[in-house]
Amino acid sequence: LSGTIQNDILKEYAARGTYIYPPTPSMRIITDIFEYCSKEVPKWNTISISGYHIREAGANAVQELAFTLSNGKSYLKAAIEKGLDINVFAQRLSFFFNAHNNLFEEVAKFRAARRMWAHISKELGATDPKAQMLRFHTQTGGSTLTAQQPQNNIVRVAIQTMAAVLGGTQSLHTNGFDEALSLPTEQAAGIALKTQQIVAHESGITQTVDPLAGSYFVEQLTNDIETAANELIAKIDAMGGAVKAIEQGYIQEEIAKSAYAYNKAIEDGSKIIVGVNKFTNKEVNDTPLLKIDDSIREKQSEKLRALRAKRDATKAAASIQKIKDAAQSDTNLMPIVIEAVENLCTLGEISDALRSIWGEYKG
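Residues numbered from 1 in each chain as written. Predicted model: local features only at pLDDT ≥ 70, side-chain atom pairs only at ≥ 80, totals over all residues. Heavy atoms only, no water.

**Student:** Would you mind showing me how to read the sheet that holds strand β4 (residues 93-99) here?
**Tutor:** Here four strands make up an open sheet; going across it, the order is β3-β4-β5-β6 and the pairing parallel. Edge strands, defined here as strands with exactly one partner in the open sheet, are β3 (47-50) and β6 (171-173). On average, each strand axis in the sheet is tilted by 25° relative to the strand beside it, whichever way the strands run. Judged from the five bridges that link them, β4 and strand β5 (residues 136-140) form a sheet pairing that is parallel. Each residue of the ladder has a partner; that of Phe96, found in β5, is His137. Helix α8 (residues 152-166) contacts β4, β5 and β6 of the sheet and is inclined by roughly 165° relative to β5. (Pairing = 2+ DSSP bridges. Helix = DSSP H or I, 4+ residues; strand = E, 2+ residues; numbered from the N terminus. Axes fitted to C-alpha atoms, helices over the stretch in contact; angles between N-to-C directions. Contact = heavy atoms within 4.5 Å.)

**Student:** Before we go on, may I ask you to explain unusual backbone geometry in this structure?
**Tutor:** Of all residues except glycine, most have a negative phi; of all peptide bonds, most are trans. We note that Asp210 has phi near 50°; this positive angle belongs to a residue other than glycine. With respect to the helices, strands and loops of the structure, Asp210 is situated in the loop between α9 (186-202) and α10 (216-239). In this structure Asp210 comes out as partly exposed when scored by relative accessible area, which is 22%. (Buried < 20%, exposed > 50% of the residue type's maximum accessible area, 1.4 Å probe, protein only.)

**Student:** What am I meant to see in the side chain of Arg311 here?
**Tutor:** Locating Arg311 in the fold gives a position in the loop between α13 (295-310) and α14 (313-327). The exposure class of Arg311 is buried, given its relative accessible area of 17%. Polar contacts involving the side chain of Arg311 include one to the main-chain carbonyl oxygen of Leu344, which spans 2.8 Å. Within the local environment of Arg311, its side chain forms a polar contact with the side chain of Glu349, the two groups lying 2.8 Å apart. Those residues within four positions of Arg311 in sequence are excluded, and the remaining contacts are Ala316, Asn343, Leu344, Cys345, Thr346 and Glu349. (Polar contact = N/O pair within 3.5 Å; in protein donor to acceptor, adjacent residues only side chain to side chain.)

**Student:** Where do I start with the nonpolar core in this structure?
**Tutor:** Nonpolar side chains in soluble globular proteins tend to end up buried together. Leu10, Phe34, Phe67, Leu69, Tyr75, Phe89 and Ile251 are the most contacted members of the largest nonpolar core, which totals 62 residues. Broken down by element, this core gets its largest block of residues, nine residues, from helix α4 (residues 61-81). Aside from chain neighbours lying at most four places away, what touches Phe34 is Asn7, Thr46, Ile47, Tyr75, Ala79, Leu84, Phe89 and Leu93. Within the second largest apolar cluster, 15 residues are counted, among which are Leu333, Ala340, Leu354 and Trp358. (Core = buried A, V, L, I, M, F, W, Y, C linked by side-chain atoms within 4.5 Å.)

**Student:** Mind showing me how you'd approach the packing of helix α2 (residues 23-40) against α4 here?
**Tutor:** Geometry of a packed helix pair, given as the angle between the helix axes and the separation of the axes. Running from amino to carboxyl end, α2 crosses α4 at an angle of 70°, the nearest separation of the two axes being 10 Å. With respect to α4, the element α2 is oriented roughly perpendicular. Crossing of α2 against α4: the hand is right-handed. Packed against α2, whose contacting residues are Met27, Ile30, Thr31 and Phe34, the element α4 presents Ser74, Tyr75, Ala78 and Ala79 at the interface. (Parallel < 35°, antiparallel > 145°, perpendicular 65-115°, else oblique. Left-handed = near helix turned anticlockwise from the far one by under 90°.)

**Student:** Quick question: what am I supposed to make of the packing of aromatic side chains here?
**Tutor:** Evaluation of the coordinates by the stated rule reveals 12 aromatic pairs. For the pair Phe104 and Phe217, a centre-to-centre distance of 5.4 Å together with 75° between the ring planes defines the contact as edge-to-face. Here Phe217 lies in helix α10 and Phe104 lies in helix α6 (residues 103-123), a separation of 113 residues in the sequence. Aromatic rings pair up to connect Phe95, Phe97, Phe110, Trp117 and Phe136 into one cluster. (Phe/Tyr/Trp six-rings, centres within 6.5 Å; stacked < 30°, edge-to-face > 60°.)

**Student:** Looking at this structure, I do not really get the pattern of salt bridges. What am I missing?
**Tutor:** Per the counting criterion, the structure on display carries 24 salt bridges. Arg28 is the salt-bridge partner of Asp32, the closest N and O atoms lying 2.8 Å from each other. Of this pair, Asp32 and Arg28 both sit in helix α2, four residues apart, which is roughly one turn of that helix. For Glu302, the salt bridge identified is with Arg305, shortest N-O distance 3.1 Å. Taken together, the positions of Glu302 and Arg305, both in helix α13 and three residues apart, correspond to about one turn of that helix. Of the residues examined, Glu302 reaches a relative accessible area of 43% and is grouped as partly exposed. Three or more residues are tied together by salt bridges with common partners; here these are Arg55, Glu64, Glu106 and Lys109. (Salt bridge = Lys/Arg side-chain N within 4 Å of Asp/Glu carboxyl O.)

**Student:** Is there a simple way to think about the pairing of β3 in this case?
**Tutor:** For a regular strand, side-chain orientation follows a simple rule: the groups alternate between the two sheet faces. Residues Ile47 and Ile49 line one face of β3 and the alternating positions Ser48 and Ser50 line the opposite face, and both faces are buried. As paired strands, β3 and β4 are joined by four bridges and run parallel to one another. Residue pairing across strands places Ser50 opposite Phe96, the latter belonging to β4.

The quantities given are spatial measurements derived from coordinates; they are silent on function.
Here's what the structure looks like:
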């Protein structure tokens, strides 16, 4: 079995907010997954360390790179402390970055990321070249897309797609042009797909590895971004690592400052966003929007009630108790959670069982 799970809780504390448990037990879940999959599902990508959400929250390119790799460093250290072999588990780590509109800055960011991660993993003991590789997925920048003149977003997504491919991404998600208005319509999703296909099959940029290498500008920009990101990582290391920096609010505060500066620049006109603060018009926006029928909520609730009615309640209750017991010991949670799912325990029930032991993190 192969595939990828996101499994990156640190970016939730830093940027996105969909966490439940405090950082320490959350990190335990992650390392339990590393350990279990290294033995039982060796082709599984056990984490996708995400800069995407950090950038969407307002970070700039250097911050996205520094905070993401700092989080990655914390995951490496946590797994090593658990006794896992970095040359084994680090081969299954993957990353998830954002692509914005400044094409050369984004390419340089991706180039710097690969080089920096090789150094970080080597410093922590990785000797296998595959354990030093930064494999990454990219999504085009949702926060860069505008509700005004939404068809302009097709061009933005194309630029961002090219930046990701020129920077060496292994996989890609292209956003729908109506992202700022609704979930994508079928038309918007189709154009997003065709954008990838045109870049892949018509642009020629996929035929050369690192095609912008050797450009004086790109090489200098790569070095500048790497230097600035390493300075930020050094600050975080001095605080005790990403977990400590998040607990102290440092990373959240830096993202908030960057977001404020970006929006202030748009408001005062020093940052031009076409169709928003320059080259505007008074056209009526008649972009068709996707509507979701809310009756799906009741259908899903009914399916859940039916599931609970048909399952073996004794087995389900026993599984939940096993999870609570394991949460209070150092037993790997994965086999116990899998057994609970096989006994038709719900995600909510499993989460509540852990919540009853570890509590909730208020942040």
